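Here are the chains, one letter per residue:
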Amino acid sequence: MKEESLFESLLRRGVSRRDFMKFCTSMAATLALPTAFSAQIAEALEKKQKPYVVWLELSDCAGDSEAILRASRPTIGQLVLDVISLEYHETIMAPSGHSAEKSLQDVVKNHKGKYIAIVEGAIPLKDGGIYCTVGGRTALEIAKEVCGNAMATLAVGSCASFGGVAAAKPNPTQCVGVKEALPSATVVNLPGCPVNPENVTATVVHFLTFGALPALDKNHRPLFAYGKRIHDNCERRPHFDAGQFVKKWGDEGHRLGWCLYEVGCKGPQAYMNCPTIRYNEGTSWPVMAGHPCFACAMPQSWDALGPIYSRLPNVPGASYQATADKVGVAVVGAAAAGVAAHAIIRASTSKGKQEDK
Amino acid sequence: MAKIAIDPVTRIEGHLRLEVEIDGGKVKDAWASGTMWRGMELIVKNRDPREVWAILSRI
């Protein structure tokens, strides 16, 4: 029996042709492709069969699953992820115990080299990896088998990408991301805390359309989503340039939506498409809601850039510091230099670890 | 005496293993274990208290 294509299954679920074309256009935009590509995307989705997908939860909090599952209404993107034959996902699957593990084994055996593995959560290496086990096997053993036999692995969220919050100092269980644990696996990192479902969908759509993974940066992140700096696309950027800063929570500047740099925003050091695609179906993102970005998508973000409410030192363009903040500059300066040096050291160590090509 | 182990317990958030000891069709003893630990308590130690909410909300 011929399996139904993605488009056929979307039609069956009540998606109109018009909505489908709108979705393909928005995917072309997310992927930073000219709109002409939406036709190519549509053609691919109409013809391609549903890819098999397994979703592993390792040292995680299920936040990335939540981000994808908990939309107020099912979006086409969600349906695409839904109709990709999700064969295994602990939080939502019906079987438990042995039968759950059998579903996983079936995919690995019967679709070897043809399925997509999505990994949520870090991999703990300490003490033989005993700090995360499923069905009596360690996260590392499972990932080795599942990611090693997959066509490609999508590491969703910052934990699967770089260790994330589980790897925050002192990293009690020696958590690392999938690529670091399995250097030979084909991994696309989609960091963010949580991952933005739009980026997961876009990566899958890119794969279905072009038969290849999107272009990646040195940290294995797709350039379409992680190629631009948050600071450069931020809707509050004009306030930064004008020297209008929130000084205290709830002050006049905060109420007027001024720049959050002084209260700790890490946007100048963060690369992700939050300002353009936002979260929850384009509703909002942290800075829009009045909270500083804490660079959740960057490697070792919990330690490399200092505490989330402390000001990032030495941001070019923030020259007002010499005048508006004269008092205390000497005191802050010494501490800032220390933080900056620390950040550079962290950045270079993580770079060394990540570059394994 | 028979022992049943259910691991993973699905449709919950987190990693759970259940073991049940059965004797003559009756449950004699049972154990539940969380099979994942990240040491969040150790991670928040000595940190700026203002960022602890952000870390611990990710349990």
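Here, residues in each chain are numbered from 1, in the same order as that chain's written sequence. Chains and ligands are labelled by the order in which they are written, letters from A for the one and numbers from 1 for the other. A pLDDT threshold of at least 70 governs which residues receive local features in this predicted model, and a stricter bar of 80 or more applies before side-chain atom pairs are shown or counted, although totals over entire chains, interfaces and linings include all residues. The basis for every side-chain value is the complete set of non-hydrogen atoms in the structure, without hydrogens or water.

What follows is about helix α6 (residues 97-110) of chain A. Turn by turn, an α-helix covers 3.6 residues, leaving residues three or four places apart pointing in a common direction. Its 14 residues place the ends of α6(A) 20 Å apart at the C-alpha level, agreeing with the 20 Å of an ideal helix rising 1.5 Å per residue. Contacts are assigned to residue pairs with any non-hydrogen atoms lying within 4.5 Å of each other. Only DSSP runs of H or I with at least four residues qualify as helices, and only runs of E with at least two residues qualify as strands; both kinds are numbered from the N terminus onward. Along its buried surface, α6(A) packs onto β1 (53-57), β2 (86-89), β5 (133-134) and α7 (139-148) of chain A together with β1 (2-6) of chain B. Expected span of a helix, by definition, is 1.5 Å for each gap between consecutive residues, and there is one gap fewer than residues.

Next up on the list: the pattern of salt bridges. Residues and elements named next belong to chain A. A pair is scored as a salt bridge if a Lys or Arg side-chain nitrogen falls within 4 Å of a carboxyl oxygen belonging to Asp or Glu. A complete count under the given rule lists 17 salt bridges over all chains for this structure. As a salt-bridge pair, Lys-22 and Asp-19 come within 3.7 Å of each other at their nearest N and O atoms. Highlighted residues: Lys-22 and Asp-19, both in helix α2 (residues 17-30), separated by three residues, approximately one helical turn. Of the charged contacts, one joins Arg-311 and Glu-262 as a salt bridge, the two residues approaching to 3.8 Å between their closest N and O atoms. Of the two residues, Arg-311 is situated in the loop between α16 (301-304) and α17 (321-324) and Glu-262 in the loop between α14 (252-255) and α15 (274-277); the sequence distance between them amounts to 49 residues. Among the ionic contacts, a cluster of salt bridges with common partners joins Arg-229, Asp-232, Arg-237 and Asp-241.

Residue and element names in this part refer to chain A. Every definition here rests on a 1 Å grid over the protein atoms only: cavities are sets of points where a 1.4 Å probe fits but cannot get out, pockets are open sets enclosed by protein on both sides within 12 Å along at least five of seven lines, and lining residues have some atom within 4 Å of a point. Grid points are joined across faces, edges and corners, and a volume is the space filled by probe spheres set on the points. Considering all chains together, one arrives at three cavities of 30 Å³ or more under this definition. One number sums up the size of the largest cavity: a volume of about 100 Å³. If you trace the largest cavity, you find 13 residues lining it, with His-231, Cys-234, Cys-259, Leu-260 and Cys-265 closest to the centre. Elements represented by at least two residues in the lining of the largest cavity include exactly α12 (230-233) and α13 (237-241). The residue classification treats Ala, Val, Leu, Ile, Met, Phe, Trp, Tyr, Cys and Pro as nonpolar and Asp, Glu, Lys and Arg as charged. All others, Gly included, are polar. Taken together, the residues of the lining of the largest cavity break down into nine nonpolar, two polar and two charged.

Right, let's talk about a nonpolar patch on the surface for a bit. All names here are of chain A. The grouping of Leu-69, Leu-86 and Ile-92 at the surface amounts to a nonpolar patch, some 210 Å² of accessible area in total. The topology assignment puts Ile-92 in the loop between β2 and α6. For each residue, the accessible area found with a 1.4 Å probe, counting protein chains only, is set against the maximum for its type, and the residue is called buried under 20%, exposed over 50%, and partly exposed in between. Exposure remark for Ile-92: the relative accessible area of 41% places this residue in the partly exposed category. Residues enter patches when they are more than 30% accessible in relative terms and free of salt bridges; like-charged ones are connected within 9 Å and nonpolar ones (Val, Leu, Ile, Met, Phe, Trp, Tyr) within 5 Å. Method for areas: the Shrake-Rupley scheme with a 1.4 Å probe, in which residue coverage is limited to the protein chains shown.

Residue and element names in this part refer to chain B. DSSP calls a pair of strands paired once it identifies at least 2 bridges connecting them. Read from one edge to the other, the open sheet built from three strands follows the order β1-β2-β3, with strand pairing classed as antiparallel. Pairing within the sheet leaves two strands with one partner each, and these edge strands are β1 and β3 (26-34). Taking the axes of each pair of neighbouring strands and ignoring which way they run, one obtains an average angle of 15 degrees across the sheet. For strand β2 (residues 16-23) and β3, the ladder comprises eight bridges, and the chain directions are antiparallel. Of the residues in β3, the one forming a bridge with Arg-17 is Ser-33. Every axis in this analysis is a line fitted to C-alpha atoms, fitted for helices over the stretch in contact. Angles between the N-to-C directions lie between 0 and 180 degrees.

Time to look at the side chain of Glu51(B). Relative to the helices and strands, Glu51(B) is located in the loop between α1 (40-44) and α2 (52-56). Residue class for Glu51(B) comes out buried when judged on its relative accessible area of 2%. Every residue in contact with Glu51(B), bar those within four places of it in the chain, is listed here: Pro307(A), Ile308(A) and Tyr309(A).

We now examine the confidence of the model for chain A. The predicted structure's coordinates, where accompanied by low pLDDT, should not be read in detail. A residue's pLDDT is the confidence the predictor assigns to it, expressed on a 0 to 100 scale. For chain A, mean pLDDT is 86; residues scoring 70 or higher make up 84% of the total. Taken together, the stretch residues 345-357 of chain A has pLDDT below 50 and engages in 17 contacts with residues farther than four places along the chain or on a different chain.

What follows covers the pairing of β2(B). Along any regular strand, the residues point their side chains to alternate faces of the sheet. Residue and element names in this part refer to chain B. As judged from the five bridges shared by β1 and β2, these two strands associate in the antiparallel manner. In the sheet register, Ala-2 faces β2, and the bridge partner there is Ile-22. Connecting the antiparallel pair β2 and β3 is a turn made up of two residues, with Gly-24 showing a positive phi of about 55 degrees.

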